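Examination of the molecular architecture
So the chains spell out like this:
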Amino acid sequence: MPDLLSSPVFVYSGAVLLRVVLLFYGLFQDNFSAFKYTDIDYYVFTDAARFMSHGKSPYARDTYRYTPLLAWLLLPTTWGRSWFSFGKVLFAVADIVAGYLIVLILKSSYRMPGGRALKFACIWLLNPMVATISTRGSSEGLLGVMAVALLWAVTQKQIALAGVILGVAVHFKIYPFIYAISILWWLDDEQLSRESGSKYPKNGQSGNRILNLLNFLNPARIILAATSFVSFMTLNGLMYSIYGWPFLEQSYLYHVTRIDHRHNFSPYNTLLHLNSSPAARSTLKLESLAFLPQLLLSAVAIPLILAKKDLPSTMLAQTFAFVTFNKVCTSQYFLWYLIFLPFYLPFSSLLRRPTLGITALVLWVLGQGLWLQQGYQLEFLGRSTFVPGLWLAGLLFFMINCWILRIIINDINFLQPSSRHFALKKSD
């Protein structure tokens, strides 16, 4: 029997078919079921696009908290009823492109055979959760393709391109800025000159602080910082010149003070619900300090300790920590770290020790299931399950994620250079 998961025809056609089936099933469910398949955010996106098609601001649509670029991309949804699903198709195509880039990175940078690379890419391409979220109209697939495109550009030493992608990604959604620290720390001369022919020669070692600083500021780091800053600020300047203060307020500042508590797996859920009351608006918001442990872990500690050991897996650990400790954690956010899973699993203890891997997966799924069961009673049956049910479910899921994060960090930290799969492709 042929190994179907090693066949590009089978995998890519299967990935496309899965999304086509879900798209048509979604149309059926939306028309004949009280429980709609289409994500509420998709209606927000398309409403914003409709406002733009009439010459208005996308922020005329309440709860639109995104860059105008997203509404621009979805302008075709305003061309008629038959075009309503254009955005879902766009997000699904982004999934496929992201999967293709995963294969390219595994083959070129991990020196992995094509068939084996395709099997690991199936974690993304044939994942029902990934396909469902995109076909429901969530834009996270676009973030996925940006993140993996950033990694591809870095591994191919296309540093200027990587900088542009990073700037666009951070403009599109704030969280990819955490990758800048890892990439900058990883881009030392030792990494860039590991193979002969590198266009970034290794500088001499010196105990002089000034020379050490100059050694740190190598061409690759300067190029990445400059191009990412310019692309980010150019987009922000353009959007601000068109849409003014609402762009800054809704796209960036809102996320600092947001108190969303619906469909929120975070342990801050109950606290956010209590503070959403007008009577609590003047009190100290403890959840406003949630970003401190979140950023300390995902943007400082993990990059500085792990990035030089294995960049792709470090990006997984960063994203996993960022989502786990975020005060708002919805199922769409899980795609942010699932995109990096194919790069970590080949050397992970989760794969070497099947019992551990299965246990981690089962607990991760059960943790969500328990929370969703409590959430269903709250939102659909009208039962007050905030305390202790929903609160305890959120804490349990948080602890499960912390345990999995510990496994990931240990796997990367104790990875020996001789066993590391990741190696840069020789420069042209």
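Residues numbered from 1 in each chain as written. Predicted model: local features only at pLDDT ≥ 70, side-chain atom pairs only at ≥ 80, totals over all residues. Heavy atoms only, no water.

Focus: unusual backbone geometry
What you tend to see is this: most non-glycine residues have negative phi, and most peptide bonds are trans. The following threshold applies: Labels follow the DSSP assignment, with helices taken as runs of H or I lasting at least four residues and strands as runs of E lasting at least two, numbered in each case from the N terminus. Between buried and exposed lies partly exposed: a residue is buried under 20% and exposed over 50% of the maximum accessible area for its type, with that area taken using a 1.4 Å probe on protein chains only.
Looking along the chain, the bond that leaves Val 387 and enters Pro 388 is cis, with omega of 5 degrees. If you check the backbone angles, Thr 63 has positive phi at about 70 degrees while not being a glycine. For Thr 63, the location among the structural elements is in the loop between α2 (40-53) and α3 (68-73). What makes Thr 63 partly exposed here is its relative accessible area of 41%. You will see that Lys 157, though not glycine, has its phi angle at about 60 degrees, which is positive. Mapped onto the elements of the fold, Lys 157 is located in the loop between α7 (140-155) and α8 (159-172).

Side note on the packing of helix α9 (residues 178-186) against helix α15 (residues 291-306)
The criterion, for reference: An axis is simply a line fitted to the C-alpha atoms; with a helix, the fit covers only the stretch in contact. Between two such axes, the angle follows the N-to-C directions and lies from 0 to 180 degrees. Under this scheme an angle from 65 to 115 degrees is roughly perpendicular, one under 35 degrees roughly parallel, and one over 145 degrees roughly antiparallel; angles in between are oblique. Throughout, a crossing is termed right-handed when the near helix is turned clockwise from the far one, and left-handed when it is turned anticlockwise from it by less than a right angle. Here, residues are in contact when the closest pair of their heavy atoms is within 4.5 Å. Residue polarity is assigned by list, with Asp, Glu, Lys and Arg as charged and Ala, Val, Leu, Ile, Met, Phe, Trp, Tyr, Cys and Pro as nonpolar; anything else, Gly included, falls into the polar class.
With their axes 9 Å apart at the nearest point, α9 and α15 run at an angle of 15 degrees to one another. As far as their axial angle goes, α15 and α9 are roughly parallel. The two elements α9 and α15 meet at a crossing, and its hand is right-handed. On the side of α9, the interface is formed by Ile 178, Ile 181, Ser 182 and Trp 185, while α15 contributes Ser 298, Ala 299, Pro 303 and Leu 304. Of the residues assigned to the contact of α9 with α15, the class counts are 6 nonpolar, 2 polar and no charged.

Details of the environment of Tyr 43
Looking at the element boundaries, Tyr 43 is found in helix α2. Through-space distance from the C-alpha of Tyr 43 to that of Phe 84 is 9.6 Å; in sequence the pair is 41 residues apart.

Thoughts on helix α20 (residues 354-379)
For an α-helix the count is 3.6 residues per turn, leaving residues at separations of three or four pointing the same way. Heads up, the condition is: What a helix is expected to span follows from its residue count: subtract one and scale by 1.5 Å.
Taking 1.5 Å as the rise per residue, α20 with 26 residues should run 38 Å; its terminal C-alpha atoms sit 37 Å apart, in good agreement. Inspection of α20 places Leu 356, Gly 357, Ala 360, Trp 364, Gly 367, Gln 368, Trp 371, Gln 374, Gly 375 and Gln 377 among the buried residues, and these make up the whole buried set.

Comments concerning the packing of aromatic side chains
Note the threshold: Two rings from Phe, Tyr or Trp (for Trp, the six-membered ring) form a pair when their centres are within 6.5 Å of each other. A pair whose planes differ by under 30 degrees is stacked, one over 60 is edge-to-face, and the rest are tilted.
For the structure shown, the criterion picks out 29 aromatic pairs. On the numbers, 6.1 Å between centres and 40 degrees between planes, the contact of Tyr 175 with Phe 322 is tilted. Within this pair, whereas Tyr 175 is found in the loop between α8 and α9, its partner Phe 322 is found in helix α16 (residues 311-324), the two being separated by 147 residues in sequence. Comparing Tyr 175 with Phe 322, the two get one shared label, buried. Their ring planes at 40 degrees and their centres at 4.7 Å tell us that Phe 265 and Trp 371 sit as a pair that is tilted. With Phe 265 in the loop between α13 (245-257) and α14 (269-275) and Trp 371 in helix α20, this pair connects stretches of sequence that are 106 residues apart. Relative accessible area serves as the criterion here: at 4%, Phe 265 is assigned to the buried category.

Comments concerning the pattern of salt bridges
Short version of the rule: By definition here, a salt bridge exists when the distance from a side-chain nitrogen of Lys or Arg to a carboxyl oxygen of Asp or Glu is within 4 Å.
Scanning all chains against the criterion turns up 7 salt bridges. When the shortest N-O distance is used, the salt bridge between Asp 3 and Lys 119 registers 2.6 Å. A residue pair is termed long-range when its members are at least 10 positions apart, and Asp 3 in the segment before α1 (8-32) and Lys 119 in helix α5 (residues 114-125) qualify at 116 residues. Residue Asp 47 pairs with Arg 50 through a salt bridge whose shortest N-O separation is 2.9 Å. Here Arg 50 and Asp 47 lie together in helix α2, a separation of 3 residues that amounts to about one turn. A relative accessible area of 39% means that Arg 50 is categorised as partly exposed. Each of Asp 47, Arg 50 and Arg 61 takes part in salt bridges that share partners, so that together they form one network.

Some thoughts on the UniProt feature "transmembrane region" (unreviewed entry) in the protein chain
Operational definition: UniProt positions are given in the numbering used here, feature names are shortened, and annotations may be inferred rather than shown by experiment.
Under the present numbering, the feature "transmembrane region" (unreviewed entry) in UniProt falls on residues 9-28, 83-106, 159-187, 222-243, 288-307, 319-344, 356-373 and 385-409. This span, residues 159-187, is 79% helix and 0% strand, and a straight line between its end C-alpha atoms measures 10 Å. Taken end to end, residues 319-344 comprises 58% helix and 0% strand; its first and last C-alpha atoms sit 13 Å apart.

Digging into a nonpolar patch on the surface
Rules: Exposure above 30% relative accessible area and the absence of a salt bridge qualify a residue for a patch, where like charges join within 9 Å and nonpolar side chains (Val, Leu, Ile, Met, Phe, Trp, Tyr) within 5 Å. Surface accessibility in these figures is a Shrake-Rupley result with a 1.4 Å probe; residues are shielded only by whichever protein chains are displayed.
Taken together, the side chains of Val 16, Val 20, Phe 24 and Leu 27 make up a nonpolar region of the molecular surface, amounting to roughly 340 Å² of accessible area. As for its placement among the helices and strands, Leu 27 is situated in helix α1.

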